[in-house]
Amino acid sequence: MSALGLAGPVHAHGASTAAPASSPRLDGPPWPYADCIKAARNKGESRSYAKWHCDQLVRAGWIKPPKR
């Protein structure tokens, strides 16, 4: 018998709790491009690799496009 076959749904009976209301994070994505470059350089990435890395994060929506 596989381990997947043993796992079943988990039910909580009698307790209904609502998730707490969350406020929007002001420090969340997308972050500034300059901060991305700075953080990548601090992690030891070369200048060209840091640019490539941050460009990929821009495409994914995590970083704001650079102001040119």
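Above: the structure in question.
Residues numbered from 1 in each chain as written. Predicted model: local features only at pLDDT ≥ 70, side-chain atom pairs only at ≥ 80, totals over all residues. Heavy atoms only, no water.

### Some words on the packing of helix α2 (residues 33–42) against helix α3 (residues 47–60)
Then, in step 1: Two elements in contact, α2 and α3, have axes separated by 9 Å at closest approach and are oriented at 135 degrees. In terms of their interaxial angle, α2 and α3 are classed as oblique. Of the two elements, α2 crosses α3, and the hand of that crossing is right-handed. On the side of α2, the interface is formed by Tyr-33, Cys-36, Ile-37, Ala-40 and Arg-41, while α3 contributes Arg-47, Ala-50, Lys-51, Cys-54, Asp-55, Leu-57 and Val-58.
Then, in step 2: Among the residues making up the contact of α2 with α3, the classes are represented as 8 nonpolar, no polar and 4 charged. (Axes fitted to C-alpha atoms, helices over the stretch in contact; angles between N-to-C directions. Helix = DSSP H or I, 4+ residues; strand = E, 2+ residues; numbered from the N terminus. Parallel < 35°, antiparallel > 145°, perpendicular 65-115°, else oblique. Left-handed = near helix turned anticlockwise from the far one by under 90°. Contact = heavy atoms within 4.5 Å. Nonpolar A, V, L, I, M, F, W, Y, C, P; charged D, E, K, R; others polar.)

### A few points about the state of the cysteines
Then, in step 1: Per the counting criterion, the structure on display carries 1 disulfide.
Then, in step 2: At a sulfur-sulfur separation of 2.0 Å, the disulfide partner of Cys-36 is Cys-54. On the sign convention where negative means left-handed, the S-S torsion of about -100 degrees between Cys-36 and Cys-54 marks this disulfide as left-handed. Within this pair, whereas Cys-36 is found in helix α2, its partner Cys-54 is found in helix α3, the two being separated by 18 residues in sequence.
Then, in step 3: By relative accessible area, which is 10% here, Cys-36 ends up buried. (Disulfide = S-S within 2.5 Å. Buried < 20%, exposed > 50% of the residue type's maximum accessible area, 1.4 Å probe, protein only.)

### Remarks on the packing of aromatic side chains
Within a pair of aromatic rings, the relevant descriptors are the distance that separates the centres and the angle that separates the planes.
Then, in step 1: The final tally for this structure, using the stated rule, is 2 aromatic pairs.
Then, in step 2: With centroids separated by 6.1 Å and ring planes inclined at 10 degrees, the aromatic side chains of Trp-31 and Trp-62 adopt a geometry described as stacked. With a gap of 31 residues between them, Trp-31 in the loop between α1 (3–6) and α2 and Trp-62 in the segment after α3 connect regions that are remote in the sequence.
Then, in step 3: The class of Trp-62 is partly exposed, set by a relative accessible area of 43%. (Phe/Tyr/Trp six-rings, centres within 6.5 Å; stacked < 30°, edge-to-face > 60°.)

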